[in-house]
Amino acid sequence: MGRRLRTTVPALPTLMDPVLPDYNALEAKEREKRRNDARAFDKRHGARNLEPLVPGEDVWITDARVQGTVLSTHNTPRSYIVQVPQGTLRRNRHHLVPLQTNTSKQFSEEVLRSHNEYRRQHQAPALKLSSKLSQDATRYAESLASTRVLKHSAESSRGSCGENLAWASYDQPGKDVADRWYNEVKHYNFNRPGFSTGTGHFTAMVWKNTKKLGVGKATATDGSTFVVARYFPAGNITNQGHFEANVLPPRK
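Note that this is a predicted model, so its numbers are computed, not measured.

1. Overview of the side chain of R93
Turning to its location among the elements, R93 is positioned in the loop between β4 (87–92) and β5 (96–98). Put simply, R93 is tucked away with no salt bridge, and the nearest opposite charge, on E142, sits 6.0 Å away. Excluding residues within four positions of it along the chain, R93 makes contact with L50, E51, L53, R78, Y80 and P98.

2. Digging into the UniProt feature "domain: SCP" (unreviewed entry) in the chain
Mapped onto this numbering, the UniProt entry annotates "domain: SCP" (unreviewed entry) at residues 106–239. Split by type, residues 106–239 is 40% helix and 19% strand. Its first and last C-alpha atoms lie 36 Å apart.

3. Considering unusual backbone geometry
Omega for the peptide link from F232 to P233 comes to -10 degrees, which places this bond in the cis form. Counting through the fold element by element, P233 comes out in the loop between β9 (225–232) and α7 (242–246). A positive phi angle is found at R65, which is not glycine, with a value near 55 degrees. Accessibility expressed as a relative area gives 51% for R65, which makes it exposed. Positive phi, close to 60 degrees, is recorded for R78, a residue that is not glycine. Among the secondary structure elements, R78 is positioned in the loop between β2 (66–73) and β3 (79–84).

4. A closer look at the nonpolar core
Grouped together as the largest cluster of nonpolar side chains are 24 residues, with contacts concentrated most on W181, Y182, F202, M205, L213, Y231 and V247. Elements represented by at least two residues in this core include exactly α2 (102–121), α5 (174–182), α6 (200–206), β8 (212–219) and β9. Not counting residues within four places of it along the chain, the set of residues in contact with Y231 comprises H115, L127, C161, G162, E163, N164, W181, A204, M205, T210, K212 and L213. Y140, L165, A218 and V228 belong to the second largest nonpolar core, which has 10 residues in total.

5. A closer look at the sheet that holds strand β6 (residues 128–129)
Strand order across the open sheet formed by four strands is β6-β8-β9-β7, with mixed pairing between neighbours. A single partner strand is all that each edge strand has here, and the edge strands are β6 and β7 (162–168). Pairing of β8 with β9, which is carried by eight bridges, proceeds in the antiparallel orientation. Within the sheet, the bridge partner assigned to G214 lies in β9 and is R230. Lying on the sheet, helix α3 (residues 131–147) is in contact with β6, β7, β8 and β9; it crosses β8 at an angle near 30 degrees. The sheet strands contacting α5 are β7 and β9, and the helix crosses β7 at an angle near 115 degrees.

6. Quick notes on the pattern of salt bridges
With the rule as written, the count across this model stands at 12 salt bridges. Close ionic contact of E155 with R230 constitutes a salt bridge, the shortest N to O distance being 3.7 Å. Of this pair, E155 sits in helix α4 (residues 154–158) while R230 sits in strand β9, and the two are 75 residues apart along the sequence. Assessed through its relative accessible area of 31%, E155 is described here as partly exposed. With a shortest N-O distance of 3.0 Å, R230 and E163 are connected by a salt bridge.

7. Side note on the pairing of β3
With four bridges connecting them, β2 and β3 associate as antiparallel partners. Following the sheet pairing, V70 is matched in β3 by V82. Once β2 ends, the chain turns through five residues before running back antiparallel as β3, passing R78 with a positive phi of about 60 degrees. Alignment of β3 against β4, held across six bridges, turns out to be antiparallel. Within β4, the position partnered with Q83 by the bridge is T88. Linking β3 to β4, which pair antiparallel, is a turn of two residues.

8. Some words on the confidence of the model for the chain
When pLDDT is averaged across the chain, the result is 87; 94% of the residues are at 70 or more. Here β5 stands out as the element of the chain with the lowest mean pLDDT, 81, in contrast to α6, whose mean of 95 is the highest.

9. Re the packing of aromatic side chains
Tallied over the full model, the rule gives six aromatic pairs. Taken together, a centroid distance of 6.3 Å and an interplanar angle of 80 degrees make the contact between F190 and F202 edge-to-face. Of the two residues, F190 is situated in the loop between α5 and α6 and F202 in helix α6; the sequence distance between them amounts to 12 residues. Overall, F190 belongs to the partly exposed group, its relative accessible area being 25%. A relative accessible area of 0% means that F202 is categorised as buried.

Thresholds, definitions, all that
Residues numbered from 1 in each chain as written. Predicted model: local features only at pLDDT ≥ 70, side-chain atom pairs only at ≥ 80, totals over all residues. Heavy atoms only, no water. Helix = DSSP H or I, 4+ residues; strand = E, 2+ residues; numbered from the N terminus. Buried < 20%, exposed > 50% of the residue type's maximum accessible area, 1.4 Å probe, protein only. Lys, Arg positive; Asp, Glu negative; His and termini not counted. Salt bridge = Lys/Arg side-chain N within 4 Å of Asp/Glu carboxyl O. Contact = heavy atoms within 4.5 Å. UniProt positions renumbered as here; feature names shortened; annotations may be inferred. Core = buried A, V, L, I, M, F, W, Y, C linked by side-chain atoms within 4.5 Å. Pairing = 2+ DSSP bridges. Axes fitted to C-alpha atoms, helices over the stretch in contact; angles between N-to-C directions. pLDDT = per-residue confidence, 0-100. Phe/Tyr/Trp six-rings, centres within 6.5 Å; stacked < 30°, edge-to-face > 60°.

Encoded structure:
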């Protein structure tokens, strides 16, 4: 079947031939658009590629709230088979938080050591590193790195734990983080003890009644790092007499 054009305008027969698009160019343009859309989505939502896991690695399963060990990868993309006390589970990498590696353990111990050196100066007993607090701190650090927004957690707002946060555009050493928090001591008035936003990191560090510390660190897509320290029992209690009893002046 066909359609006969009815026109009085003369036209060359060659101009009447259909012109097909360059399909290769169209496909390349579509691929580039998809890549740009993906980059924009990742930037807007703070999405980032997670490090692959290896068999034998210990992980925390966020939705099941249980610790497990990676057995193998699964043929489903980004999924793993994980051994837990009740059996085996298949979970997406998104739900698996690696427990402390040698590097993160060294970082945590460096933060702990700096804390205890400063606490000794303020007549506060040494803290002990808590694996549970460190797991929670690591999960929250991962959350901060994904959004790249530094804000305190709901747990600290409820008073379930104390919390110090730190951000830097580079891979910050543990001692540097602790030093920055402690340097707020220069603004603290021991003659008029109490809480202020300018000294809250320092007072949380040396709070005498705190017994346990948890440390977590995560790296964002732009290379910046987020550090979370959690304290139990929580400090910075504003009831009368608490700061006098828990934030003591340094020994002379």
